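# What the coordinates show
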Amino acid sequence: MLRILLFLSISLYADIESINIFPKDTKVASQKGIRILDAKVVNIEGMHGISFMEISDLAYDTSKGLFALSNKGDLFSLELKIEDNKIHSLKLENAWHLKNKKGKQFSKKKRDAEGMDFHKGKLLISFERKPKVSSFTLQGRKVENLNISPVLRDINNYQGKNSALEALVQHQRFGLITAPQKPLKHMNQEVHTLFSKDKRWSFHADASLTAMENMSDGSLLVLEREFHPLSLGHTIWLKKVDIMDCRKGLCKTEVLAKLESSDGWKLDNFEGLTRIDEKRYLMISDDNDSFLQKCILVLFEVK
């Protein structure tokens, strides 16, 4: 009896717990473009009075490790161990509120952080409500604002305050690329558009764009997500967008995976994506600070 109680106590406070997100139908579970290696529910307690919740993106660097970003304006450094294609452990190392240049915490209207990537030892972070991209130290202190396309600076060009700069990536050839969650008001609503400071790329839109990451051949891996209120389920797409091959205004795009709750997938509000090596990626969901939702971390590889 004592052993059972001890096991339950350890499980209750574990940082990660295994979860089977696969549908029972093996044909549906098979995806042509990706192979899911592992999935874990993240139950990190937080640190310094900062709760680990509402994670909007991830960024990984081989020397700096794994960082997580909350849309509440919080930054977390994590110790990640992957063994035999499984997420062996995930431990919180430190946590910070994002702060301005003077070291003051951002106000509620200015801290809606959504996208993140590494660049030259700093973190690049994009924001909604007050759309911008800024660089930060690894302790969450702002360094400077970065130049973005002029059309992205005005919140009135977006479909809503929560539909602004959702994703970004530092591309090896084109530099900083960012994207709104939904097409801008005045643009074609059937395509997503990615923006560098002076260049654009478009591809067919199936749902809201929530994250993107580099691929080894210069293409982008893009995550789209759709929420179905009546069924309380999700559909997510993982697409390979070849920004090197764009014709007649649209880039060559391949759907690597389409996962649907209606098919039996155990999904949640996936918003974050990062690449950890040539073919493997991590994807994470935003729990919206709700007991009805989970923070799920998925390890997968592109075939």
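Look above for the structure.
Residues numbered from 1 in each chain as written. Predicted model: local features only at pLDDT ≥ 70, side-chain atom pairs only at ≥ 80, totals over all residues. Heavy atoms only, no water.

### Focus on the sheet that holds strand E15 (residues 208-214)
Whenever strands of a sheet pair, they do so through backbone hydrogen bonds, lying parallel or antiparallel. Spatially, E15-E16-E17-E18 is the arrangement adopted by the four strands of the open sheet, whose pairing is antiparallel. Lying at the two open borders of the sheet, with one neighbouring strand each, are E15 and strand E18 (250-260). Neighbouring strand axes in the sheet, compared pairwise and without regard to direction, differ in orientation by 25° on average. (Pairing = 2+ DSSP bridges. Helix = DSSP H or I, 4+ residues; strand = E, 2+ residues; numbered from the N terminus. Axes fitted to C-alpha atoms, helices over the stretch in contact; angles between N-to-C directions.)

### Considering the pattern of salt bridges
In the structure shown here, the tally under the stated rule is eleven salt bridges. A salt bridge links Lys-40 to Asp-38; the shortest N-O distance between them is 2.5 Å. With respect to burial, Lys-40 and Asp-38 carry one shared label: buried. Between Glu-54 and Lys-72 there is a salt bridge, with the nearest N and O atoms lying 4.0 Å from each other. In this pair, Glu-54 sits in the loop between strand E2 (34-42) and strand E3 (55-61) while Lys-72 sits in the loop between strand E4 (65-70) and strand E5 (74-83), placing the two residues 18 residues apart along the sequence. Bridged by salt links that share partners, the residues Asp-206, Glu-224 and Lys-239 form one connected network. (Salt bridge = Lys/Arg side-chain N within 4 Å of Asp/Glu carboxyl O. Buried < 20%, exposed > 50% of the residue type's maximum accessible area, 1.4 Å probe, protein only.)

### Considerations on the pairing of E15
Most of E15 sits inside the fold, with seven of its seven residues counted as buried. In the sheet, E15 pairs with strand E16 (residues 220-228) via six bridges, with the strands oriented antiparallel. What sits directly across from Leu-209, in E16, is Glu-224. Hairpin connection between E15 and E16: a loop of five residues separates the two successive antiparallel strands, and Gly-218 in this loop has a positive phi of roughly 95°.

Read these as layout, nothing more, since geometry by itself doesn't imply function.
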